[in-house]
Amino acid sequence: MAIIYQPSKKQISWIKSGLFVAALIPLARLVWLGVNDDLTANPIEFVERSLGTWTLVILMITLSMTPIKLLTGMVWQIQLRRMMGLFMFFYVCLHFLTYIWLDQSFYWMAIVKDIAKHPYVLVGFSAFILSIPLVITSNNAMVRRLRERWKQLHQLVYLIAILGVVHFWWLVKKDIREPLAYALVLAVLLGIRLYYKKSSDTSMAPVSKVAA
Amino acid sequence: MVSIEGEVKKPKQLSIEDVFKIAPLEERIYRMRCVEGWSMVIPWVGLPLAQLIKFAEPTANAKYVEFISIADKKTMPGVNIPVLDWPYVEGLRLDEAMNPLAIMAVGLYGEVLPNQNGAPMRLVVPWKYGFKGAKSIVTIRFTEKMPQTAWMKAASSEYGFYANVNPTVDHPRWTQSTERRIGGGLFSPRIKTQMFNGYAEQVAQLYTGMDLRKNF
């Protein structure tokens, strides 16, 4: 397949810097709205949901790097993936901090009960916890050290994404249009991977026969 | 125009001006507790629902009151989306509706009710979750059988007919034991939700002998 766009090393570092700044805009916006006392009538819920939404958006962007490679043959954008993954974690940390601090006022008994008793909180919390090992093993040294196991470990991101979307789905009262949009995007992103995996498996089959 | 129908001596059509004549308007400052965990103190202007019901003259068969909201696709684009089975329908048992705390509101903060808050008139039942307060009512129907409300039709395991504020009975997906009071700002802690939203003294007797876990 034809490579659509191939930036130079310098251009990639510019794109990366631009993306870094762009990824901070959702946070800057919340700070701006907060300073101007414009966080709606229910500011805590607004901040909590906004941070949750951006966690999902950035996670979807992170997960789109490989499908872009599969569809276009471009590989340079894979270099942006780790940074986006870390931004996802940055936003989920802020989301979780908002939950335990502003929403629950560090009232630990209530937090434990909330997580244990309410499925939507539990799946969201699980997704957060599962993302911690991915962050810890995100540096080059760990990639080298873990080799094949690194790949296996980081496939956890698929589960994290599914749990994240379910977390959103179970939280809405009845109007599921927004979580449905994330579910569809995720289905497409995972579907493209499955499709290419399947077609590469079948095209590999005769080769392995010969080898056998 | 509001249509009064069903188990009544004679069906009636009321304009909002007719409603104003039924009883003098009064201001009522009530807590409002949303099923999704926020609450707010709101000064309503309205008339006791009991006065409106007396005016409607229900027959002895009337056991429930059904409130149907307007669902005008032109002015309310939201009803084009089948989130609920429109129009919005709510209901009360007749004795609940006759309780002095229940009002038909026509104003808010001393002003005429804005469209988004349910003009020209809406129900306010302060001991129940906010969704019981049907907005922009166009039909009041008296029935013998319990009406099927819009939320019961949408998710009967999550939203019951009674929907009394009850901190001991959680929504299947989230807690009802605490609430966030609107107006407190970013750093205000949650407050404890009270039984019947703090109106137990006035309304608890309506539910004596009932299992409120089943009749949520």
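All values derive from a computational prediction rather than experimental measurement.

Colleague: What exactly am I supposed to notice about the pairing of strand β11 (residues 178-181) of chain B here?
Modeller: Put simply, side chains in a regular strand alternate between the two faces of the sheet. All names here are of chain B. The pairing of strand β4 (residues 38-48) with β11 spans 2 bridges and is parallel. Residue pairing in the sheet places S39 in a bridge with R181 of β11. Sheet topology places β11 next to strand β12 (residues 191-192); 2 bridges connect them, and they run antiparallel. Looking at β12, one finds that T178 is bridged to K192.

Colleague: Looking at this structure, how should I read the environment of Y182 of chain A?
Modeller: Residue and element names in this part refer to chain A. One can find Y182 in helix α9 (residues 177-211). Its 19 C-beta neighbours within 10 Å are what place Y182 among the partly exposed residues. For the pair formed by Y182 and F168, sequence separation is 14 residues and the distance between their alpha carbons is 9.1 Å. With residues up to four places along the chain from it excluded, the contact list for Y182 reads L56, M60, V165 and F168.

Colleague: Would you take a moment to explain the interface of chain A and chain B for this structure?
Modeller: Interfaces are often sized by the amount of accessible area the parts lose when they come together. On the chain B side, the residues contacting the 14 residues of chain A number 16 residues. When contributions to the side of chain A that touches chain B are tallied by element, the ones reaching two or more residues are α2 (43-72) and α5 (119-136) of chain A.

Colleague: Sorry, what's going on with the pairing of strand β5 (residues 64-69) of chain B here?
Modeller: All names here are of chain B. Along β5, 6 of the 6 residues are buried, which leaves the element largely enclosed by surrounding structure. Burial along β5 is two-sided: the residues Y64, E66 and I68 and V65, F67 and S69 are all buried. Across 6 bridges, β5 lies against strand β10 (residues 137-143) in antiparallel orientation. In the strand pairing of β10, V65 is matched with F142.

Colleague: Got a minute to help me understand the packing of α2 of chain A against helix α8 (residues 156-171) of chain A in this structure?
Modeller: Helix-helix packing is described using two parameters, namely the angle between the two axes and the distance between the axes. All names here are of chain A. Closest axis-to-axis distance for the α2/α8 pair is 11 Å, and the angle between their directions is 145°. Where α2 crosses over α8, the two elements pack in a sense that is left-handed. When α2 is examined against α8, the residues G52, T55, L56, L59 and L63 are found in contact with a partner set consisting of V157, A161, G164 and F168.

Colleague: Looking at this model, I keep getting lost on the sheet that holds strand β2 (residues 12-14) of chain B. Mind explaining?
Modeller: Paired through their backbone hydrogen bonds, the strands of a sheet run either parallel or antiparallel. Residue and element names in this part refer to chain B. Pairing within the open sheet is mixed, and its 5 strands lie in the order β2-β1-β10-β5-β6. Bordering the open sheet on either side are β2 and β6 (89-93), each of which pairs with just one other strand. Direction aside, neighbouring strands of the sheet carry axes that sit 20° apart on average.

Colleague: Explanation requested: the confidence of the model for chain A in the structure shown.
Modeller: Note: predicted coordinates in regions of low pLDDT should not be interpreted at a detailed level. In the predicted model, chain A carries a mean pLDDT of 92, and the fraction of residues at 70 or more is 94%. Here residues 205-212 of chain A scores under 50 on pLDDT; set against residues more than four positions off or in separate chains, the count is 0 contacts.

Quick notes on the rules
- Residues numbered from 1 in each chain as written.
- Chains lettered and ligands numbered in written order.
- Predicted model: local features only at pLDDT ≥ 70, side-chain atom pairs only at ≥ 80, totals over all residues.
- Pairing = 2+ DSSP bridges.
- Helix = DSSP H or I, 4+ residues; strand = E, 2+ residues; numbered from the N terminus.
- Buried ≥ 20, exposed ≤ 12 C-beta atoms within 10 Å, placed from the backbone.
- Contact = placed C-beta atoms within 7 Å.
- Axes fitted to C-alpha atoms, helices over the stretch in contact; angles between N-to-C directions.
- Left-handed = near helix turned anticlockwise from the far one by under 90°.
- pLDDT = per-residue confidence, 0-100.

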